[in-house]
Amino acid sequence: MSFENHKTLVYGFLKSCSAATGDETRRMREARDPVAELEKEIRFDFSQVLAAEYVEHGPQSDMPFEELIKGMVWLRTAFPDLTYRAEDIIDGGDKVVVRYSAHGTHLGQFMDAPPSNKQIEINGIYIVELQTAR
């Protein structure tokens, strides 16, 4: 797979993690169950760029595909305008290193913290191992 393909996958993943815009946002807000609508949207977006066998390896535990969806719903419920951006992408063959940032507004319950209406910024690094479909 080429570096351009790797970048396309990375950008697709970060877009899947980011808040919807325009019509999608309005549809979720007007839904009878906005959280269910958000989960449906995230599930669809992730299925476009991740295999069902995908596992997110984190510092405390591993998150299979279904747990990743639940975690992203939880995060986006607390920060509904959360938007991720790739700052740097470094290709390493079957691995890609991504330095990313995310910005959002704390508008929902997050852990024990009630909404603060404050802006947050997250910076981090993902190391992604890419495998071709079998």
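Check the entry above for the structure.
Presented here is an overview of the structure given in this document. All of these numbers come straight from a predicted model, not from anything done at the bench.

Cut-off values and rules
Residues numbered from 1 in each chain as written. Predicted model: local features only at pLDDT ≥ 70, side-chain atom pairs only at ≥ 80, totals over all residues. Heavy atoms only, no water. Helix = DSSP H or I, 4+ residues; strand = E, 2+ residues; numbered from the N terminus. Rg over C-alpha atoms; globule rule 2.2 N^0.38 Å. Buried < 20%, exposed > 50% of the residue type's maximum accessible area, 1.4 Å probe, protein only. Contact = heavy atoms within 4.5 Å. Pairing = 2+ DSSP bridges. Axes fitted to C-alpha atoms, helices over the stretch in contact; angles between N-to-C directions. Core = buried A, V, L, I, M, F, W, Y, C linked by side-chain atoms within 4.5 Å.

The subject of this paragraph is the overall build of the chain. What the chain contains, in helices and strands, is four helices and five strands. Ordered by position from N to C terminus, the α and β elements of the chain give α-α-α-β-β-α-β-β-β. Taking 14 Å as the expected radius of gyration for a compact globule of 134 residues, we find that the chain reaches 15 Å, a close match to that expectation. Here the C-alpha coordinates of the chain stretch approximately 40 × 30 × 25 Å along the principal axes. Out of the 134 residues belonging to the chain, those deemed buried represent 32%. The contacts of the chain with a sequence gap of at least 6 include a subset with a gap of at least 24, amounting to 53%.

Quick look at the sheet that holds strand β5 (residues 119–129) now. Pairing between the strands of a sheet is mediated by backbone hydrogen bonds and can be parallel or antiparallel. Overall, antiparallel pairing links the three strands, which are arranged β3-β4-β5 in an open sheet. In this open sheet, the two strands that pair with only one neighbour each are β3 (83–91) and β5. Between one strand and the next, the sheet's axes are offset by a mean angle of 15°, whatever the strand orientation. Bridge count between strand β4 (residues 95–105) and β5: eleven bridges; the pairing is antiparallel. Opposite V96, over in β5, you have V128 as the bridge partner. Where helix α1 (residues 3–17) meets the sheet, it contacts β3, β4 and β5, and its direction lies at approximately 160° from that of β3.

Time to look at the nonpolar core. By size, the foremost hydrophobic cluster in this structure holds 25 residues, and its most contacted members are F13, L14, I42, F46, M72, Y84 and V98. The element that contributes the greatest number of residues to this core is helix α4 (residues 65–78), accounting for seven residues. Every residue in contact with V98, bar those within four places of it in the chain, is listed here: V10, L14, A86, D88, I89, G124, I125 and Y126.

Before going further, it helps to spend a moment on the pairing of β4. Across eight bridges, β3 lies against β4 in antiparallel orientation. Bridging across to β4, D91 finds its partner in V96. Count of turn residues in the β3/β4 antiparallel hairpin: three residues, of which G93 carries a positive phi of about 85°.

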